[in-house]
Amino acid sequence: MSVNKTVSLTNNRQMKGIKINPPFNDMTGQPLVANFLSSAVENRMTSHAYLFAGPIGAGKTEAARLLAKAIVCDDGGCGSCDNCIRASRKTHPDIKVIDPEGVQGYVSEQIRELIHDTNLAPIRAKNKVYIITRADLLSGASANAFLKTLEEPPARVTFILLARTRDSVLDTIASRCQVIIFRSIPEAEAVPLLMEIGQVAQKDARIALASTGGSAYRAKEFLRSSAAKSLRIKVLETIEQLKDSDPLEVMDATKELLIYLKQPLDEVKAQHEQQLAEGGEFLTKGALSALERSQKRNLTMRERETLGEVFHVMRSWLRDCLVLKIGRTEDVVNIDFKYNIEKTAANTTESAIARCIKAVDTAELQIQYNVSVQSAIEALLFKIREETLKYV
Ligand SMILES: [Zn+2]
C-alpha cells in the first residue's frame, strides 16, 4: 500500500472555530495540521506512515508526540488513561524515538534492530509508534533495508518520520508516507499565541521568541522552564558587566556562564531518570540499554539547543542595540535590560554592533567544528567587550 499523498496545509491563517479534539488542541501554531490529524484519529483513518516536513521550530516533534499519544490511547488521546499519562511523560514503551546513532546518520545495525522490533507485540498499548527524527539521514543500505517495512509495516505499527523539507528525504521513502507540511509560524501570530498558552504579557512572549531564535514551540518550552529563563538573565548580565570587567573577570564570567548552561540539562536528566525507573518495570535488558543510548543522544541534542539559546539571547541583545541606534525604540525586545542597551547603543557604532553579531555566528560555527565551548564563548565575550568599549 503506497500513500503517495501530500497534505499541504501551508499559507493558511489561523482559523477560528475549526474543530480540534484533544490531544491536538495542545499543538502550537499549526491549527490546520492539528485539525487534519484530529479528524484522522476521530475517524480512525490514520495512515501507517507519516512524513512531517517543516522548518526547525515548526512543532513537528510536538505533533509527532501528540499523534503517538492518540494512537496508543484506546480513546484517541483522552489525556487521562495510563497510556496517555505515560505518553505525556515520554515513558510509554510502545512509543519509540529513533535518533541517528552515527555521525553520518542511521547505521544499518540500528535499522535492523528497528525492523526486528516492529515485529514484536506492543507492551502496554494495542499499537506501536516509531518516531524517526531525521528522515533526511536515511540513505544507502539503511534506507533500503527500511523500505519494505515502511511500505507494509506489521499491523498496529505506525511510523512518523520528521524532516525539514520533503525534498531532503529520499523519494522512495517520502512516497511511502503521507506527507504533512508544517509552516513556519510568523512572529505576528506566534506572540499572541504564546501570550495565550503561557498566560504571559506581550513583552514576555517576545522575549521567549527572541531567546529561542523565533521558534514558537521552543518559546513555549522556554516559558515553562525556569532554568532557561535564568540562563537568559545570566547571559544578559554577563554582557552588561563586560564593560567594567578586566580580562581575568571576563574569563571568570565565562566559567560561570558554563555552569548556568548545565542547569536546563538537569531538568532533562531528571526526566531521563524517571523514564529509566518506569522502563525498569517491563523493559528487557537490551531495551533498557537502547533507552540509555537514546537518552544520551537526547542529552547531547539538548546541550546543543541550550547553547543555541545562549547565542540567540546574545543576538537579540545586539539587535536591540541596533534598533535603538536607528530610533525604533518600540522594537526593543529585552526591555528588562533597556538601560544597558541604551547605554551601549549610545556609545557604539552600528558597524561595531554588526561585527559583534558576526562574532556570535563565528563562535557558534567554531563550536560545530569542535572548538571548546569555553574558548569560543570566552573569545566572543572579549570581542563584544572590545567593540563596545572602544567608543566609550
Ligand atoms: Zn488516553
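Residues numbered from 1 in each chain as written. Predicted model: local features only at pLDDT ≥ 70, side-chain atom pairs only at ≥ 80, totals over all residues.

1. A look at the overall build of the protein chain
No. 1: Along the backbone of the protein chain there are 15 helices and 6 strands.
No. 2: For the protein chain, the proportion of its 392 residues judged to be buried stands at 39%. (Helix = DSSP H or I, 4+ residues; strand = E, 2+ residues; numbered from the N terminus. Buried ≥ 20, exposed ≤ 12 C-beta atoms within 10 Å, placed from the backbone.)

2. Some points on the confidence of the model for the protein chain
No. 1: Summarising the model, the protein chain shows a mean pLDDT of 89, and 94% of its residues fall at 70 or more.
No. 2: Across residues 8-14, confidence stays below pLDDT 50; counting only partners more than four residues off in sequence or on other chains, it has 12 contacts. (pLDDT = per-residue confidence, 0-100. Contact = placed C-beta atoms within 7 Å.)

3. Things to note about the domain arrangement of the protein chain
No. 1: According to the domain assignment, the protein chain consists of domain 1 (5-184) and domain 2 (225-389).
No. 2: Each of domain 1 and domain 2 has a C-alpha centre, and the two are 31 Å apart.
No. 3: Every contact between the two is made by 7 residues of domain 1 and, on the other side, 9 residues of domain 2.
No. 4: Broken down by class, the residue content of the side of domain 1 that touches domain 2 amounts to 3 nonpolar, 1 polar and 3 charged. (Domains from an automatic or database assignment. Nonpolar A, V, L, I, M, F, W, Y, C, P; charged D, E, K, R; others polar.)

4. Thoughts on the nonpolar core
A general trend in soluble globular proteins is that nonpolar side chains are found buried together.
No. 1: Counting 98 residues, the largest nonpolar core has L51, F52, A68, I131, I160, L161 and L194 as the members making the most contacts within it.
No. 2: No other element matches the 8 residues that helix α2 (residues 60-72) contributes to this core.
No. 3: In terms of domain composition, this core takes at least three residues from each of domain 1 (5-184) and domain 2 (225-389).
No. 4: Contact partners of L161, with chain neighbours within four places excluded, come to Y50, L51, I132, A135 and C177. (Core = buried A, V, L, I, M, F, W, Y, C linked by C-beta atoms within 7 Å.)

5. Overview of the environment of L236
No. 1: Secondary-structure assignment places L236 in helix α10 (residues 226-242).
No. 2: Judged by local crowding, L236 falls into the buried class, with 20 C-beta atoms found within 10 Å.
No. 3: Each C-alpha atom of the pair L236 and E196 lies 26 Å from the other, and the pair is 40 residues apart in sequence.

6. Considering the environment of S38
No. 1: Structurally, the position occupied by S38 is in helix α1 (residues 31-42).
No. 2: Sequence-wise, S38 and G76 are 38 residues apart; in three dimensions their C-alpha atoms are separated by 8.7 Å.
No. 3: Once you skip the residues sitting within four places of it in the chain, S38 turns out to touch I20, N21 and F24.

7. Considerations on the packing of helix α12 (residues 285-325) against helix α14 (residues 350-368)
No. 1: Where α12 meets α14, the axes come as close as 9 Å, and the angle between the chain directions of the two elements is 170 degrees. It follows that α12 is roughly antiparallel to α14 by the angle criterion. Two secondary-structure elements touch here, α12 through L307, F311, M314, R315, L318, C321, L322 and K325 and α14 through E350, I353, C356, I357, V360, A363, E364 and I367. (Axes fitted to C-alpha atoms, helices over the stretch in contact; angles between N-to-C directions. Parallel < 35°, antiparallel > 145°, perpendicular 65-115°, else oblique.)

8. Comments concerning the packing of α12 against helix α13 (residues 338-347)
No. 1: Put simply, α12 and α13 touch, their axes get as near as 9 Å, and they point 60 degrees apart. Classified by the interaxial angle, the pair formed by α12 and α13 is oblique. α13 is crossed by α12, and the crossing has right-handed handedness. Residues W317, D320, C321, L324 and K325 of α12 form the contact with α13, whose participating residues are I341, E342, T344 and A345.
No. 2: Per-class residue counts for the contact of α12 with α13 are 5 nonpolar, 1 polar and 3 charged. (Left-handed = near helix turned anticlockwise from the far one by under 90°.)

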